[in-house]
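Listed below, chain by chain, are the residues.
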Amino acid sequence: PAVGRLATTLLLAGALVHTFVIGMQTMEVRHVPFANPSRAISTSVWLLSLSYLYLELTTDERAMGVFILPIAIALQVIPTIDPGVERIDPLLDSPWFWIHTSSILFAYATFALAGVLGLTYVLQFKEIKKKHLGFFYTRLPSLQVLDLMNSRAVTVGWFFMTAGVIVGIIWATQ
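Residues numbered from 1 in each chain as written. Predicted model: local features only at pLDDT ≥ 70, side-chain atom pairs only at ≥ 80, totals over all residues. Heavy atoms only, no water.

**Some words on the confidence of the model for the chain**
1) Next: When pLDDT is averaged along the chain, the result is 86; 97% of the residues meet or exceed 70.
2) Next: By mean pLDDT, the top-scoring element of the chain is helix α6 (residues 143–173) (93), and the lowest-scoring one is helix α5 (residues 135–139) (72). (pLDDT = per-residue confidence, 0-100. Helix = DSSP H or I, 4+ residues; strand = E, 2+ residues; numbered from the N terminus.)

Printed below as a string of structure tokens:
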């Protein structure tokens, strides 16, 4: 439990630093920094981390970090190696675009989280079905907790995807 709390604290600190970096990039380019693929990936990693932190803090289940955080770290390597150049197309210079893109990226991040939770649910279910309660059974949350976490992630993702599509429609009609 102490290691889990330490990991959560470090993830929270990393998310706060990432928030600061995104804030600084926003001030530098005067808009939310994801007009280039590299910064969009960085923003997605940040949103994935925030989504996972939300689930972890609301369910008090820390075991999933072992599966989620390596994905976040691997994706964050891309913007670290190639930060790219932020060039904004005048067509995209609209508040609707930024709201649309933010909503869609957050939806993708929560759907990625839901996908990982779904895979771990299947791993746990297979162990229980085989009546071979081994490695995963002792380390993963119960099926009920995984189901709760997954349904929350899908619900949040669906809400933001819907909002993003609606805002995208409004933006496209203007």
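**Let's talk about the pattern of salt bridges**
1) Next: Summed over all chains, the structure comprises two salt bridges.
2) Next: With a shortest N-O distance of 3.2 Å, R62 and D60 are connected by a salt bridge.
3) Next: With relative accessibility at 55%, the residue D60 sits in the exposed group.
4) Next: Overlapping salt bridges bring together E56, D60 and R62 as one network. (Salt bridge = Lys/Arg side-chain N within 4 Å of Asp/Glu carboxyl O. Buried < 20%, exposed > 50% of the residue type's maximum accessible area, 1.4 Å probe, protein only.)

**Looking at the nonpolar core**
1) Next: Ranked by internal contacts, the top residues of the largest apolar core, which has 28 residues, are M64, I68, L113 and L117.
2) Next: Mapped by element, the contributors of at least two residues to this core are α1 (2–29), α2 (37–59), α3 (65–81), α4 (95–130) and α6.
3) Next: If one sorts the elements of this core by residue count, α4 sits on top with nine residues.
4) Next: For L117, the contacting residues outside a window of four places in its chain are L55, M64, L146, M149, N150 and A153. (Core = buried A, V, L, I, M, F, W, Y, C linked by side-chain atoms within 4.5 Å. Contact = heavy atoms within 4.5 Å.)

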